[in-house]
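As a plain string of letters, each chain reads:
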Amino acid sequence: MMLETDRILLRLYRQEDFTDYCDYIIGDEERGRMMLTDVIRNEEEARESFDWKLNRDSEHWYALCLKKENNKVIGGITVHPVPEELAQHPLLLNKRGVSLSFSISPNYRRRGLMEEAVRALNDHLLHVEGLDYIQCGYMDYNLASRDFQRKLGFTYLCSETFELDGKEYTSIENILVK
């Protein structure tokens, strides 16, 4: 699948995208904090992350390319199976859905590019592929992601509290339905 809007191209990641991936992923502290992941510090860590994502059969990892900059990769969107515990939620039971996660280079945040990409992808998933819903979540302290998901029409499904490395976190899970 490939999607195109006025400003962006969304296509599957390829091995030749590694340099662009490094440009936006290495040292992004905010991404690490908001997604509860380790901050990628160097090219070796980036390579490990890149290859792992590129070779996941259960997921589709899309490169967010900026058309006006010769299709430079500036972020990514992953479409993956809905976590089993969420798929068992009464509102989702026996319905077809996917889960989304996304990140964009700090240099391109707050320009509406990710919104443009996610809207195009959501439209494709719901109306072309015929899914019943799309699930997306955020950490309760990530107010930018909360506002972003609301802007896209996602609504509250549930909250999950869990412990990681001795700290308690709360994840807010949202859905977008046809």
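Details of the nonpolar core
Ile77 and Leu100 are the most contacted members of the largest nonpolar core, which totals 29 residues. Sorting the residues of this core by element identifies β2 (8-12), β3 (60-66), β4 (72-80), β5 (97-104), α5 (113-128) and β6 (133-139) as the ones contributing at least two each. A total of eight residues in this core trace back to one element, the largest contributor, which is α5. The contact partners of Leu100, leaving out residues within four places of it in the chain, are Ile77, Thr78, Val79, His80, Val118, Leu121, Asn122, Leu125, Ile134, Gln135 and Cys136. By size, the runner-up hydrophobic cluster in this structure holds 14 residues, among which are Tyr24, Ile25, Ile40 and Val73.

A look at the pattern of salt bridges
For the coordinates displayed, the defined rule picks out 10 salt bridges. With a closest N to O distance of 3.3 Å, Glu115 and Lys151 form a salt bridge. Residue Glu115 is found in helix α5, and its partner Lys151 is found in helix α6 (residues 143-151); the two are separated by 36 residues along the sequence. Owing to a relative accessible area of 17%, Glu115 belongs among the buried residues under this scheme.

Section: the environment of Leu86
Structurally, Leu86 can be placed in helix α4 (residues 84-87). For Leu86, a relative accessible area of 2% translates into the label buried. For the pair Leu86 and Val118, spaced 32 residues apart in the sequence, the C-alpha separation amounts to 21 Å. Leaving out residues up to four positions away in the same chain, Leu86 has contacts with Leu92, Gln135, Leu157, Cys158, Glu160 and Glu173.

What about the sheet that holds strand β8 (residues 167-177)?
What holds strands together in a sheet is hydrogen bonding between their backbones, with the strands either parallel or antiparallel. Ordered in space as β1-β2-β3-β4-β5-β6-β8-β7, the eight strands form an open sheet in which the pairing is mixed. The strands lining the two open edges of the sheet, one partner per strand, are β1 (2-4) and β7 (155-164). Shown here is a sheet whose adjacent strand axes are inclined to one another by a mean of 25 degrees, direction ignored. One ladder, built from nine bridges, connects β7 with β8; its direction is antiparallel. Pairing of Glu160 across the sheet is with Ser171, part of β8. Helix-sheet contacts for helix α1 (residues 18-25) involve β3, β4 and β5, and the interaxial angle to β4 is about 90 degrees. Packing of α5 onto the sheet brings it into contact with β1, β2, β3, β4, β5, β6 and β8, and relative to β5 it is tilted by some 165 degrees.

What about the pairing of β6?
In terms of residue burial, β6 counts as a mostly covered element, since six of its seven residues are buried. Pairing analysis gives four bridges linking β5 to β6, with the strands arranged parallel. Counted as the bridge partner of Leu100 is Cys136 from β6. Taking the sense of rotation as the criterion, the β-α-β connection linking β5, α5 and β6 turns out right-handed. Across seven bridges, the pairing between β6 and β8 is antiparallel. By the bridge assignment for β8, Gly137 is matched with Glu173.

Conventions used here
- Residues numbered from 1 in each chain as written.
- Predicted model: local features only at pLDDT ≥ 70, side-chain atom pairs only at ≥ 80, totals over all residues.
- Heavy atoms only, no water.
- Core = buried A, V, L, I, M, F, W, Y, C linked by side-chain atoms within 4.5 Å.
- Buried < 20%, exposed > 50% of the residue type's maximum accessible area, 1.4 Å probe, protein only.
- Helix = DSSP H or I, 4+ residues; strand = E, 2+ residues; numbered from the N terminus.
- Contact = heavy atoms within 4.5 Å.
- Salt bridge = Lys/Arg side-chain N within 4 Å of Asp/Glu carboxyl O.
- Pairing = 2+ DSSP bridges.
- Axes fitted to C-alpha atoms, helices over the stretch in contact; angles between N-to-C directions.
- Right-handed = clockwise from strand over helix to strand, strands pointing away.

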